[in-house]
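# Fold and contact review
Read off the chains here:
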Amino acid sequence: MGIDRLPPLNAVRAFEAAARLGSYVAASHALHVTQPAIGRHVKNLEGWLGVRLLERTSRGVTLTVPGARYYQAVAQALQILGDAGTEVGRRNDERWLRILCGPAFASRWLTPRIEVLRSLRPDLRIAIEPDASFTSVDARRADLAIAYGLPGEMSGVREVLLRPAVFAVCSPDFLAQLPSAPTLAGLPSSRLIHVDDGAWWNSWFTALGLRAKVKAETSHLSNDIALNLAQRGQGIALANQVLVARELQEGSLVRCSDEAVALESYPLLTPPHPPGDDALWFMGWLAEALHAHVATPCPHP
């Protein structure tokens, strides 16, 4: 496909925002346009491609199978465009620290602490790249990476920062609408929010000694999307204290039950070459800040 066959960029941005945030309303707020405009852009893009990308429901939008494939490509392409603009606009004398991490960790833990980092090193500029599927880090892309998964599945692991317990969360409104308090045995038949085909929930049930097998009807691309949906009352998601401590304290999310078990870890990845002074400083700050964060008790159900 040549450049003359590129889709309209505004339509692509509207689709990416709606898919990432799970609703036209959230996308309209993010892009500062009206909700009907988001809908028109998505419809125009679907007509241009000749395929259905999003399914609308009373609670938002979900990706179709072709839509999920297209979203992955679109998200990468927009990130490349953004990175190119950042690179062109940099001055040669600026010091940058490029951090690669999962979308949920980026938006829910790291980004809210950017001002703290800037106050500690005012002359250091920080670029955060969210990515839900990396297993290594290339020096051309980032100076370090914070992954979430099994360390044995990653390459370039410098250290394991944390292995937090995983528990089930939902919105207070969703919990109030249930006929009775959720139990571990009853969770498999509840409205579960998935980030895969059901494997993560099944691993959690197995680790807690429950023989259960669930299968996803809809799979979302990251924990960030799943937790956003849970906050909007669309079901029960798995989380850990790193991602939802603030939401639990504020009350926008609540724990559904007492059960919690450690599954994956947060490994710190580095490129093959030795890290620079700024990367070493950030690694030290990160380890201390993470451990201080999880040392604060979270509300229990």
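As named in an unreviewed UniProt entry, the chain is LysR family transcriptional regulator, taken from Pseudomonas putida. Quoted verbatim from the Sequence similarities (unreviewed entry) field of UniProt, the annotation for the chain is "Belongs to the LysR transcriptional regulatory family."

A count of helices and strands for the chain gives 11 helices and 11 strands. Taking 301 residues into account, the globule formula puts the C-alpha radius of gyration at 19 Å, and the chain, at 20 Å, falls close to it. C-alpha atoms of the chain, sized along the principal axes, occupy 60 × 50 × 35 Å. The 301 residues of the chain split such that 44% are buried.

This paragraph deals with the packing of helix α1 (residues 9–21) against helix α2 (residues 24–31). Interaxial distance between α1 and α2 falls to 8 Å at its minimum, and their mutual angle equals 125 degrees. When the axes of α1 and α2 are compared, the pair comes out oblique. Between α1 and α2 lies a crossing of right-handed hand. Mapping the contact onto sequence places Arg13, Ala14, Ala17, Ala18 and Leu21 in α1 and Tyr24, Ala26, Ala27, Ala30 and Leu31 in α2. For the contact of α1 with α2, the class distribution of residues is 9 nonpolar, no polar and 1 charged.

All right, on to the pattern of salt bridges then. It is possible for side chains bearing opposite charge to pair when their charged atoms get close. Applying the stated criterion to the full structure yields 14 salt bridges. As a salt-bridge pair, Arg141 and Asp131 come within 2.5 Å of each other at their nearest N and O atoms. Here the residue Arg141 occupies a position in the loop between β4 (124–130) and β5 (144–146), and Asp131 occupies one in the loop between β4 and β5, the gap between them amounting to 10 residues. The class for Arg141 is partly exposed, based on a relative accessible area of 33%. Since its relative accessible area comes to 16%, Asp131 is described here as buried. Each of Arg95, Arg121, Asp123 and Asp278 takes part in salt bridges that share partners, so that together they form one network.

Applying the stated criterion across every chain yields a total of 11 aromatic pairs. Measuring from centroid to centroid gives 5.8 Å for Trp109 and Trp285, while their planes differ by 50 degrees, and the two rings are tilted. Note that Trp109 is positioned in helix α5 (residues 103–110) and Trp285 in helix α11 (residues 277–295), a separation of 176 residues in sequence. Seen from their ring centres, Tyr148 and Trp200 are 6.3 Å apart, and the 80 degrees between their planes marks the pair as edge-to-face. Taken as a pair, Tyr148 in the loop between β5 and β6 (157–162) and Trp200 in helix α8 (residues 199–207) lie far apart in primary sequence, 52 residues in all.

This part takes up the environment of Glu288. If you trace the backbone, Glu288 turns up in helix α11. For the pair formed by Glu288 and Arg121, sequence separation is 167 residues and the distance between their alpha carbons is 16 Å.

You can see Arg98 is positioned in strand β3 (residues 95–101). You can call Arg98 buried: its relative accessible area is 18%. Looking at Arg98, its side chain comes within polar contact range of the main-chain oxygen of Ala139, at 2.7 Å.

The next point concerns the packing of α5 against helix α10 (residues 241–250). Orientation of α5 relative to α10, taken along the N-to-C sense of each, is 40 degrees, at an axis distance of 9 Å. Taken as axis vectors, α5 and α10 run oblique relative to one another. Relative to α10, α5 is oriented so that their crossing is left-handed. Together, Ala104, Phe105, Arg108 and Trp109 of α5 and Val242, Leu243, Val244 and Glu247 of α10 make up the contact between the two elements.

Cut-offs applied
Each chain has its residues counted from 1, running along the sequence as written. Whole-chain, interface and lining totals are the exception, using all residues; otherwise, since this is a predicted model, local features are given only for residues with pLDDT of at least 70 and side-chain atom pairs are given and counted only at 80 or more. Only hydrogens and water are set aside when side-chain values are computed; all heavy atoms of the structure are taken into account. UniProt positions are given in the numbering used here, feature names are shortened, and annotations may be inferred rather than shown by experiment. Numbering goes from the N terminus for both helices and strands, where a helix is a DSSP run of H or I of at least four residues and a strand is a run of E of at least two. Each radius of gyration is computed over the set of C-alpha atoms, and the globule rule expresses the reference value as 2.2 Å times the number of residues to the power 0.38. Burial here depends on accessible area, computed with a 1.4 Å probe over protein chains only, as a share of the maximum for the residue type. Under 20% is buried, over 50% is exposed, and the range in between is partly exposed. What counts as an axis is a line fitted to C-alpha atoms, over the stretch in contact for a helix, and the angles between N-to-C directions run from 0 to 180 degrees. For classification, angles of less than 35 degrees are called roughly parallel, those exceeding 145 degrees roughly antiparallel, those between 65 and 115 degrees roughly perpendicular, and all remaining angles oblique. In this scheme the crossing of two helices becomes right-handed for a clockwise turn of the near helix relative to the far one and left-handed for an anticlockwise turn of less than a right angle. Contacts were defined at the residue level, with two residues in contact if any of their heavy atoms lie within 4.5 Å. Side-chain classes follow a simple rule in which Ala, Val, Leu, Ile, Met, Phe, Trp, Tyr, Cys and Pro form the nonpolar group, Asp, Glu, Lys and Arg form the charged group, and the remainder, Gly included, forms the polar group. Here, a salt bridge means any Lys or Arg side-chain nitrogen found within 4 Å of an Asp or Glu carboxyl oxygen. Here the aromatic set is Phe, Tyr and Trp, taking the six-membered ring for Trp, and pairing holds for ring centres within 6.5 Å; pairs whose planes are under 30 degrees apart are stacked, those over 60 apart are edge-to-face, and all others are tilted. In the analysis that follows, any N or O atom pair within 3.5 Å is treated as a polar contact, provided that within protein one partner can donate a hydrogen and the other can accept it, and provided that, for residues neighboring in sequence, both atoms belong to side chains.

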